[in-house]
Number of protein chains: 2
Amino acid sequence: MQLAVSTVILALRPTPDGSGTTLWLPLVRRIREPFLGAWALPGEPLEEHMSLVEAARARLRHTIGLDPNYLEQLYAFGGVDRSRDGSSPDAPCPERVVSIVYWALVRADEDARMVAGENVAWFPAEQLPALAFDHAAIVDYALARLRAKLEYTPIAHAFLPDEFTLTEVREVYEAVLGRGLDPANFRRQILASGAVEPTGEKVTGTSHRPPSLYRYRPDSVATSPTPPPRSAA
Amino acid sequence: MQLAVSTVILALRPTPDGSGTTLWLPLVRRIREPFLGAWALPGEPLEEHMSLVEAARARLRHTIGLDPNYLEQLYAFGGVDRSRDGSSPDAPCPERVVSIVYWALVRADEDARMVAGENVAWFPAEQLPALAFDHAAIVDYALARLRAKLEYTPIAHAFLPDEFTLTEVREVYEAVLGRGLDPANFRRQILASGAVEPTGEKVTGTSHRPPSLYRYRPDSVATSPTPPPRSAA
DNA sequence: ACAAAAGTGTTAGCGGTACACCCATGT
DNA sequence: ACATGGGTGTACCGCTAACACTTTTGT
């Protein structure tokens, strides 16, 4: 029985047709049976000297070449038959794998300076190829968790650079939730929440009224958000 | 490296002084180093032929002799030094353990017909003895999760028998949250939520106005509540 | 001047809280 | 009759949604 740590890495990028913004995620092509040649989540066996988060972070560095600021445990998947390839029932039964999956969010500015690893390709979350193992279900679960957390935590922070306009924040919400939001009300709500404060500066050269810049208040979440007892993770 | 499944089992019982109701949980006394003789969460190594939930359920049957209706994965703990006994630094470094922890809720009526296993004792959650490993932190995390879920899911269901009065539901909330709630408003809120429906019967012999009985609507959660993709857990 | 996005004001409705009050039973 | 908890009514407050309106820039 093997213990592995896998990662769902999410970033916001323009849709393929350029008409908006959606979530994208990197997948790696499998170079071993089962599911040889299929796309899968980046993962690796847990090594003796690494904690679970450390293993997840290492995988991130290896896959996209950077340390994202948001990383949280998603779930542990341990069904007995997870690693069997349903599409080729004659294949020998592979060794059982328990996967502890983490999910990460990549800031727009980090995304730009990213270095993709070997065998890695990015896909829009709504148009994924067929995935190995139960990875499609895992991605769905990660997306559901992200949408849920967006509504009750300042997690949009994790997609944004240090300074940003309120419209950029709203666009994060709209892209993740998949629906438009009233700019006027959104503005008031996020300001009233106290999560954000004005820097005093404005953006220039916008061909319309220049928006103010804001930053997240320091006490807002930075990395792991609601992990359990800090020491044990 | 070892992979274990542990459980935090919660039930509502009268406080030790009989003045109210609180959460209690069963612990087992350790019969091996490290932490020999200390109290710990019920757990066992994961066996090859069992999924994670199955292992948790088996542990529950072994510890309290029944299958609770609510069981959910809590978190996977995998710090490198989790199994070291801080209080006896001279002890040999024990093998590393990754624990996948589940939490379970026991209904009042099940609690009554429960059979405690060997070496098992129940403690009020607010007055636990010193626990082995990082188990104290794990219990805290489970309690936090329970309180959070109480506010946005019909999880109180899991503590109640098939039929109950609205006052009993309120007492569950009050015990878990640790504060009193307005009976009038609580009543209206839970009815408005649609989670509950009247059976038409009343309780008799109460020395005051007889309360109506209710049941949870069938589409309310029964067992696993918000697990990820049903098939993969 | 005009377009376009930033930002403000105003209103109506909904849900939660506080608390006064009435109802049905046992003693 | 009265105590006790079950159950209803009501008034207020804050938050949200909807949308009209004003402001500030570039072209």
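It should be emphasised that the depicted structure is a prediction, and the values quoted were computed from it without experimental measurement.

## Section: the packing of helix H3 (residues 135-152) of chain A against helix H4 (residues 166-177) of chain A
Residues and elements named next belong to chain A.
Argument step 1. Their axes nearest at 10 Å, the elements H3 and H4 cross at an angle of 145°. Considering only the axes of H3 and H4, their crossing is left-handed. Facing Leu146, Arg147, Leu150 and Glu151 of H3, the residues of H4 in contact are Tyr173, Val176 and Leu177.
Argument step 2. Residues of the contact of H3 with H4, tallied by class, amount to 5 nonpolar, no polar and 2 charged.

## Some words on the UniProt feature "domain: Nudix hydrolase" (unreviewed entry) in chain A
Argument step 1. The feature "domain: Nudix hydrolase" (unreviewed entry), as annotated in UniProt, sits at residues 27-136 of chain A in this numbering.
Argument step 2. Between the C-alpha atoms that bound residues 27-136 of chain A there is a distance of 11 Å. The span itself is 18% helix and 27% strand.

## Some points on the environment of A:Tyr141
Argument step 1. Mapped onto the elements of the fold, A:Tyr141 is located in helix H3.
Argument step 2. Separated by 126 residues in the primary sequence, A:Tyr141 and A:Thr15 place their C-alpha atoms 21 Å from one another.

## Brief notes about the environment of A:Ser19
Residue and element names in this part refer to chain A.
Argument step 1. With respect to the helices and strands, the residue Ser19 is situated in the loop between strand S1 (2-14) and strand S2 (21-29).
Argument step 2. For Ser19 and Glu168, which are 149 residues apart along the polypeptide, the C-alpha to C-alpha distance reads 16 Å.
Argument step 3. At a separation of 2.8 Å, a polar atom in the side chain of Ser19 contacts the side chain of Asp17.

## A look at the protein's contact with DNA strand D
Argument step 1. Around DNA strand D, 18 residues are found, and the nearest of them are A:Asn185, A:Arg209, B:Thr167, B:Arg188 and B:His208.
Argument step 2. What you see for DNA strand D is that sugar and phosphate hold 61% of its atoms within 4 Å of the protein.
Argument step 3. One of the side-chain N or O atoms of A:Arg209 is found 2.9 Å from a base oxygen in DNA strand D.
Argument step 4. At 2.8 Å from a base oxygen of DNA strand D is found a side-chain nitrogen or oxygen belonging to B:Arg188.
Argument step 5. Counting residues per element, the ones that place at least two in the surface near DNA strand D are helix H5 (183-193) of chain A together with helix H4 (166-177) and helix H5 (183-192) of chain B.
Argument step 6. Ranked by the residues each element gives to the surface near DNA strand D, the list is headed by H5(A), at 4 residues.

## Observations concerning the confidence of the model for chain A
Argument step 1. Across chain A, the average pLDDT comes to 92, with 94% of residues at 70 or higher.
Argument step 2. Taken as a whole, residues 229-233 of chain A scores under 50 in pLDDT and shows 15 contacts with residues more than four places along the chain or in a different chain.

## A look at the interface of chain A and chain B
Argument step 1. Taken together, the contact pairs 30 residues of chain A with 30 residues of chain B.
Argument step 2. Together chain A and chain B conceal approximately 2,500 Å² of surface at their shared face, both sides included; 65% is due to carbon and sulfur atoms.
Argument step 3. In this structure, the connection of chain A to chain B is made through 0 salt bridges.
Argument step 4. Counting only elements with at least two residues in the side of chain A that touches chain B, the list comes to strand S5 (70-77), strand S6 (97-105) and H3 of chain A.
Argument step 5. The element contributing the most residues to the side of chain A that touches chain B is S5(A), with 4 residues.
Argument step 6. Considering only residue class, the side of chain A that touches chain B consists of 20 nonpolar, 6 polar and 4 charged.

Scoring rules and cut-offs
Residues numbered from 1 in each chain as written. Chains lettered and ligands numbered in written order. Predicted model: local features only at pLDDT ≥ 70, side-chain atom pairs only at ≥ 80, totals over all residues. Heavy atoms only, no water. Axes fitted to C-alpha atoms, helices over the stretch in contact; angles between N-to-C directions. Helix = DSSP H or I, 4+ residues; strand = E, 2+ residues; numbered from the N terminus. Left-handed = near helix turned anticlockwise from the far one by under 90°. Contact = heavy atoms within 4.5 Å. Nonpolar A, V, L, I, M, F, W, Y, C, P; charged D, E, K, R; others polar. UniProt positions renumbered as here; feature names shortened; annotations may be inferred. Polar contact = N/O pair within 3.5 Å; in protein donor to acceptor, adjacent residues only side chain to side chain. Near = heavy atom within 4 Å. pLDDT = per-residue confidence, 0-100. Buried area = accessible area lost by both parts, 1.4 Å probe. Salt bridge = Lys/Arg side-chain N within 4 Å of Asp/Glu carboxyl O.

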